[in-house]
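# Coordinate inspection notes
For reference, the chains in residue letters:
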Amino acid sequence: MDTNRWYWYEGSKMGTTGETPLRYAIIGAGMSGIMAGAKLLKRGDSDFVVFEKGAEIGGTWRDNRYPGLTCDTPSHTYSYSFALNPEWSAYYATGPEIHAYFKRVADESGVMPHVRFNNEVRACVFDDATAKWHLTLSDGSTYDADIVIAASGVLHNPKVPELPGLESFAGKAFHSARWDDDALLDGARVGVIGCGSTGIQLVNALSSRASRLVHFQRSPQWIMPVVQFEYTAEQRAAFAANPQLIEDIRTNAEYWDAVYRFTEGVTDFTSPQMQEIEDICRRNLEDNVHDPVLCEKLRPNYHAACKRLIYSWEYYECVQRPGVFVETGGIERIEPAGVRMNDGTLHELDTLILATGFDASRFIRPAVVSGRDGRLLDDFWEERPRAHYAVSMPGFPNLFMLNGPGAPVGNFPLIDIAERQWDYIEQVIAPLRKGEGRTVEPTAEAFDAYEERRIAAARKTIFGSGCTSWYLDKTGIPATWPWGYHDFAKAMESPVTSEFVVSA
Ligand code: NAP
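Keep in mind the model is a prediction, meaning the values are calculated, not measured. Each chain has its residues counted from 1, running along the sequence as written. Two thresholds apply to this predicted model, a pLDDT of at least 70 for residue-level local features and 80 or more for giving and counting side-chain atom pairs, whereas whole-chain, interface and lining totals are computed over all residues. Hydrogen atoms and water are omitted, and side-chain values are computed over all heavy atoms in the structure.

## Brief notes about the state of the cysteines
The cut-off we apply is this: Pairs of cysteine sulfur atoms within 2.5 Å are what we label disulfides. Numbering of helices and strands runs from the N terminus, with a helix taken as a DSSP run of H or I at least four residues long and a strand as a DSSP run of E at least two residues long.
One pass over the full model with this rule turns up one disulfide. Across the disulfide, C306 is cross-linked to C467 (sulfur-sulfur distance 2.1 Å). Sign of the S-S torsion, about -100 degrees for the bond between C306 and C467, identifies this disulfide as left-handed. Here C306 is found in the loop between helix 9 (292-297) and strand 12 (310-312), whereas its partner C467 is found in the loop between helix 14 (444-459) and helix 15 (485-493), with 161 residues between them in sequence. You can see C71 has no disulfide; the closest cysteine sulfur is in C281, sitting 18 Å from it. The thiol of C295 is not disulfide-bonded; the next cysteine sulfur, from C281, is found 13 Å away.

Following this line, the structure appears as structure tokens:
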């Protein structure tokens, strides 16, 4: 076997002979957009454009370049099922490596020539007469498509906190997703605000570089201990020679049992699975943080997994290094010299990094989306972003979202989520490919019933058990998939035909 060939090349195109030709617009060339393009090409559909607002592919893996960036989902599971990568250097891969992987897949799958860079979708208007979506791009051009795939991601609008005096800071202050390569780090006094997955990874990386590192934590996080290890050259050669070895990792029963236990546990925060997770996190804290004062500072006051769990093999070690300090007091203001706390303490800093997260309610917006009869997405989402099984919406025919509102999020591979959603979309649009109609959308009745069930279930999940996080919508209801992973997989396997209406 040619060891340079990826698993990608296995299998054959199904072909589209005899089908009604459809034109697609894919919004976003991140993980989901590349997947959608690659899947279209694989089946023989090449009439599509991927609109990308940036100058490069990769979405979140392009935007995030902070030191220590790692994916806390195992590398072989954070890979497309059709493009296994024998070259992953470690069990958990780094950001640059993942970005390179997406670039390579986009190239080798043939998606790259379909990407129109520096082209933000400004408006998406459905024309009832032609049953086509009319897109207007930031360069003034337009594009008409039968099907729109919104693969614009969730976490791409940085949330910069309104800290008084922020603009007065004398050093460099910037959001973690807008990395400033000129910032002083080595031997410098650095502050990191925020202790989500980003802030924790940043502190891990900077703890051995900064002369003084202050980690500002408004709400300390639970840390799930995990083991990181590198793959040897021999292992990588074996993966290349035999993709089954990779499949064995991807389907590892122990890994998936943990995912299932977790996703089934979150649906009931009093469940034994959740208690077990909290016990592991508590032991991790108490066994590894030796100073009792620091241990209490780092102890969260809410249930483990209420916020997305931090998976780390090194945070407690790094945060106890000399020169690293945890600050859990309230920030009063930012001054030219540093961060002034409510108790009067001034942390003098050269660099201030805002690992303060993202506005997760934007999705395809700020693009103006206007559906059937001029119905605006902004109005449909006035209360909260919502979609039928997280994918489609009544009144917005032929518009589908990947990793859209209400999709599963957590400590598992979102690539798998997107691929399953793609399989669902393919089934929903099958009647259009067969020429049985020009549009398909969920019925309002089916959607309302679904959303009612989703909200009722979401209220009972661990995410709604008394903490703040980007998982909550503005009314405080968890915006995530509220059932188990198996339920999601089953729902994506076979859309309920009667829940959709196909129109001429
Ligand atoms: P995040 O989880 O939303 O965390 C933001 C942090 O900033 C929180 O600690 C928050 O405190 C703090 N914060 C926000 N505003 C603040 C203010 N005004 N003053 C003080 N603190 C403030 O954001 P993130 O760490 O960027 O992660 C977002 C998501 O990205 C993750 O949940 C994950 O899905 C994804 N991610 C994944 C990986 C990975 O390895 N797979 C890595 C990085 C990110 P409060 O909790 O008190 O609000």
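## Some remarks on the sheet that holds strand 16 (residues 346-348)
In plain terms, the rule: Pairing between strands is defined by DSSP: at least two bridges between the two strands are required. Inter-axis angles, ranging from 0 to 180 degrees, are taken between N-to-C directions of lines fitted to C-alpha atoms, where helices are fitted over the stretch in contact.
Spatial strand order, 14-15-16: three strands in an open sheet with antiparallel pairing. Of all the strands in the sheet, just strand 14 (331-335) and strand 16 have a single pairing partner and so form its edges. On average, each strand axis in the sheet is tilted by 20 degrees relative to the strand beside it, whichever way the strands run. Of the strand pairs in this sheet, strand 14 and strand 15 (residues 338-341) are connected by four bridges, and their pairing is antiparallel. Within the sheet, the bridge partner assigned to I334 lies in strand 15 and is V339.

## Observations concerning the packing of aromatic side chains
For clarity, the threshold we go by: Working definition: rings of Phe, Tyr and Trp (its six-membered ring) pair if their centres are within 6.5 Å, and the pair is stacked with planes under 30 degrees apart, edge-to-face with planes over 60 apart, and tilted otherwise. Categorising residues by exposure relies on relative accessible area from a 1.4 Å probe, with only protein chains included: less than 20% of the type maximum marks a residue as buried, more than 50% marks it as exposed, and the intermediate range marks it as partly exposed. Only when the NZ of Lys or the CZ of Arg is both within 6 Å of the ring centre and within 35 degrees of the ring normal is a charge said to sit over the ring.
Counted under the stated rule, the structure contains 32 aromatic pairs. Between F229 and Y231, the aromatic rings sit 5.6 Å apart at their centres with planes inclined by 85 degrees, giving edge-to-face as the arrangement. Exposure remark for F229: the relative accessible area of 37% places this residue in the partly exposed category. Aromatic rings pair up to connect W61, Y78, Y80, F82, W88, Y101 and F102 into one cluster. Sitting over the face of the ring of Y302, K307 holds its NZ or CZ atom 5.5 Å from the ring centroid.

## Some remarks on the site of the ligand
The line we're drawing: In this text, near means that some heavy atom of the residue lies within 4 Å of the molecule or strand in question. Here a polar contact is taken to be a pair of N or O atoms separated by no more than 3.5 Å, where protein atoms must pair a possible hydrogen donor with a possible acceptor and residues adjacent in sequence count only if both atoms sit in side chains. Methods summary: accessible areas were calculated by the Shrake-Rupley approach with a probe of 1.4 Å, and residue burial reflects only the protein chains presented.
Of all residues adjacent to the ligand, which total 23 residues, the nearest are C195, T198, S219, K307 and W470. Backbone polar atom of C195 to an oxygen atom of the ligand: 2.9 Å apart, as the coordinates give it. At 2.4 Å from an oxygen atom of the ligand is found a side-chain nitrogen or oxygen belonging to S219. Protein chains shield 84% of the accessible area of the ligand, which is 910 Å² for the free molecule.

## A look at the sheet that holds strand 8 (residues 172-175)
Reading across the sheet, the five strands line up as 8-17-9-10-13 and stay open at both edges, with parallel pairing between neighbours. The two strands at the open ends of the sheet, each matched to only one other strand, are strand 8 and strand 13 (324-327). Shown here is a sheet whose adjacent strand axes are inclined to one another by a mean of 15 degrees, direction ignored. Across four bridges, strand 10 (residues 212-216) lies against strand 13 in parallel orientation. Within the sheet, the bridge partner assigned to L213 lies in strand 13 and is V324.

## Overview of the environment of L294
Selection rule: Only heavy atoms matter for contacts: two residues are in contact if any of them lie within 4.5 Å across the pair.
Assignment of secondary structure puts L294 in helix 9. In this structure, the C-alpha to C-alpha distance between L294 and V326, residues 32 residues apart in sequence, is 7.6 Å. Sequence-distant contacts of L294, defined by excluding residues within four places in its chain, comprise V289, Q320 and V326.

## Considerations on the packing of helix 5 (residues 233-241) against helix 6 (residues 243-250)
The following threshold applies: Roughly parallel covers angles under 35 degrees, roughly antiparallel covers those over 145, roughly perpendicular covers 65 to 115, and oblique covers all other angles. Note that Gly is not counted as nonpolar here; it falls among the polar residues with everything else outside the nonpolar set of Ala, Val, Leu, Ile, Met, Phe, Trp, Tyr, Cys and Pro and the charged set of Asp, Glu, Lys and Arg.
Closest axis-to-axis distance for the helix 5/helix 6 pair is 5 Å, and the angle between their directions is 105 degrees. Between helix 5 and helix 6, the angle is such that the two are roughly perpendicular. Residues A238, F239, A240 and A241 of helix 5 lie in contact with helix 6, whose contacting residues are P243, L245, I246 and I249. Taken together, the residues that form the contact of helix 5 with helix 6 break down as eight nonpolar, no polar and no charged.

## Remarks on helix 12 (residues 414-428)
The following threshold applies: Each residue after the first adds 1.5 Å to the expected span of a helix.
With 15 residues, helix 12 extends 21 Å between its outermost C-alpha atoms, agreeing within 8% with the 21 Å of an ideal straight helix rising 1.5 Å per residue. Counting buried positions along helix 12 gives 11 out of 15 residues, so the element sits mostly inside the fold. By the burial criterion, the buried members of helix 12 are I415, D416, I417, A418, E419, Q421, W422, Y424, I425, E426 and V428.

## Some remarks on a negative patch on the surface
What counts is decided by this rule: Surface patches are defined over residues having more than 30% relative accessible area and no salt bridge, joining like charges when they lie within 9 Å and nonpolar side chains (Val, Leu, Ile, Met, Phe, Trp, Tyr) when within 5 Å. Salt bridges, as used here, are contacts in which a Lys or Arg side-chain nitrogen is within 4 Å of a carboxyl oxygen on Asp or Glu. For the charge count, each Lys or Arg is scored as positive and each Asp or Glu as negative, with His and the chain ends excluded. A charged residue contributes its charge at one atom only: NZ of Lys, CZ of Arg, CG of Asp or CD of Glu.
A contiguous patch of negative charge on the surface is contributed by D127, D128, D144 and D373. Here D144 lies in strand 6 (residues 142-145). Among the residues examined, D144 registers a relative accessible area of 33% and is labelled partly exposed.

## Observations concerning the side chain of S392
The topology assignment puts S392 in the loop between helix 11 (377-380) and strand 19 (399-401). In contact with S392, other than residues within four places in its own chain, are A387, L399, F400, P442 and F500.

## Some points on the pairing of strand 7 (residues 147-150)
Here strand 7 shows a buried face lined by I147 and I149 and a second buried face lined by V148 and A150. Here strand 1 (residues 24-27) pairs with strand 7 via four bridges, running parallel. From the neighbouring strand, I26 faces strand 7, where its bridge partner is I149. Sheet topology note: the strand 7/strand 19 ladder contains three bridges and is parallel. Pairing of V148 across the sheet is with L399, part of strand 19.

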